[in-house]
Amino acid sequence: MTTIGTRASLHGDSSVGPVSRSVSVVVITMDRVEELCSTLRRLQALPERPRIVVADNGSSDGTSRVVAREFPDVRLIALDRNRGAAARNLGVAEVATPYVAFNDDDTWWEPGSLAAAARLLDAHPTIAVVNARIVVEPTGAVDAISEEMAASPLRLDLDLPGTALLSFLAGASVVRRDAFLEVGGFEPRLLIGGEEELLAADLAAAGWSMRYVPELVVHHHASTVRDPHLRRRQGIRNTLWFTWLRRRRPVARTLQLLRQFAADHRSARAVLAALGGLPWVLRERRPVPPHVEQGLRQLERQQADSTARQYVS
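From a predicted model like this one, the values you see are computed outputs, not experimental measurements.

### Here we look at the pattern of salt bridges
In this structure the tally under the stated criterion is 13 salt bridges. A salt bridge links Arg-286 to Asp-202; its shortest N-O distance comes to 3.6 Å. Of this pair, Arg-286 sits in the loop between helix H13 (278-284) and helix H14 (290-304) while Asp-202 sits in helix H9 (residues 196-205), and the two are 84 residues apart along the sequence. Here Arg-286 falls in the partly exposed class, since its relative accessible area comes to 46%. Across the pair Arg-253 and Glu-300 runs a salt bridge, and its minimum N-O distance is 3.8 Å.

If you want it as structure tokens, here you go:
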């Protein structure tokens, strides 16, 4: 694996100065104002001094009012309803930097990582997304999904740094803005829950690379203000939609997935919701090229055995 420098070089002054002109940060949030404020304070303290955009998905807890009052330098997009991951599209449209780092309201970038990501993307123009290593707080453990990415069985673009991916975690990634816009960003119908898979497949189909680079670090202190059952239902629905929209053998893959879902009413509701979307899925179906399908099939065994991707709540 090619590295992009030591920890010391991540913090070097020579790499930090121009980053505010290279990388912006887009944060999406909804009804988690305390976590958001903590995250914004951390982002504003970064030596890179990135421009920060917050897209508030129709919060009812006064989030937009608090951000406007406490963080006047943050660009606020106050939405009248929840647009889920697609709120990031609006944030990307607000900035002009070549790279955009995504943040959730309970994640934050380690100082120097945005500078390192900018250098990497400058040096490798075929990379559309770099995914950072996720450190779980307060324990400091490496997230299981990061360990899974590090062990990716894909052997794509071996001359690039890091390991090859065919999906990523938006809250711990930096994207090339032009590539993101080229494929249309996040699909609004997916809201939240595995929403990256469709975007990643479209990037791969368009010839872009995605990499997991452990020298980049994001910290995650999982919010307790969440509905795990809703996230699970949406994740199952979105996984099925992705399968029907892009996989070349959707029926066989659907049968595999159904065997992995827990046999309960929440899974049943998720499957019914997915079936309800069939009209637009069939209209928009565009199978990935054979080489992308081959990569997705390589990942299926790892995903089936994954402790980080279980459809339970």
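Now that the structure is up, let's keep going.
### Quick look at the packing of aromatic side chains
By the definition in use, this model includes 4 aromatic pairs. A centroid spacing of 5.4 Å and a plane angle of 80 degrees characterise the contact between Trp-241 and Trp-280, whose relative ring orientation is edge-to-face. One end of the pair, Trp-241, is in helix H10 (residues 228-246); the other, Trp-280, is in helix H13, with 39 residues separating them in the sequence. Side by side, Trp-241 and Trp-280 carry an identical accessibility label, which is buried. We note Arg-88 situated over the ring of Phe-102; from NZ or CZ to the ring centre the distance is 5.6 Å. Sitting above the plane of the Phe-186 ring, Arg-88 keeps its charged end 5.1 Å from the centroid.

### Details of the confidence of the model for the protein
Per-residue confidence for the protein gives a mean pLDDT of 92, with 92% of residues at or over 70. The low-confidence segment residues 1-15, where pLDDT is below 50, has 26 contacts with residues more than four positions distant or belonging to other chains.

### Structural notes on the packing of H10 against helix H12 (residues 265-276)
With their axes 8 Å apart at the nearest point, H10 and H12 run at an angle of 40 degrees to one another. In terms of axis orientation, H10 runs oblique to H12. Our pair here, H10 against H12, has a crossing hand that is right-handed. When H10 is examined against H12, the residues His-229, Arg-232, Arg-233, Ile-236, Arg-237, Leu-240, Trp-241 and Trp-244 are found in contact with a partner set consisting of Arg-266, Ser-267, Arg-269, Ala-270, Val-271, Ala-273, Ala-274 and Leu-275. A class-by-class count of the residues in the contact of H10 with H12 yields 9 nonpolar, 2 polar and 5 charged.

Definitions and cut-offs
- Residues numbered from 1 in each chain as written.
- Predicted model: local features only at pLDDT ≥ 70, side-chain atom pairs only at ≥ 80, totals over all residues.
- Heavy atoms only, no water.
- Salt bridge = Lys/Arg side-chain N within 4 Å of Asp/Glu carboxyl O.
- Helix = DSSP H or I, 4+ residues; strand = E, 2+ residues; numbered from the N terminus.
- Buried < 20%, exposed > 50% of the residue type's maximum accessible area, 1.4 Å probe, protein only.
- Phe/Tyr/Trp six-rings, centres within 6.5 Å; stacked < 30°, edge-to-face > 60°.
- Lys NZ or Arg CZ within 6 Å of the ring centre and 35° of its normal.
- pLDDT = per-residue confidence, 0-100.
- Contact = heavy atoms within 4.5 Å.
- Axes fitted to C-alpha atoms, helices over the stretch in contact; angles between N-to-C directions.
- Parallel < 35°, antiparallel > 145°, perpendicular 65-115°, else oblique.
- Left-handed = near helix turned anticlockwise from the far one by under 90°.
- Nonpolar A, V, L, I, M, F, W, Y, C, P; charged D, E, K, R; others polar.

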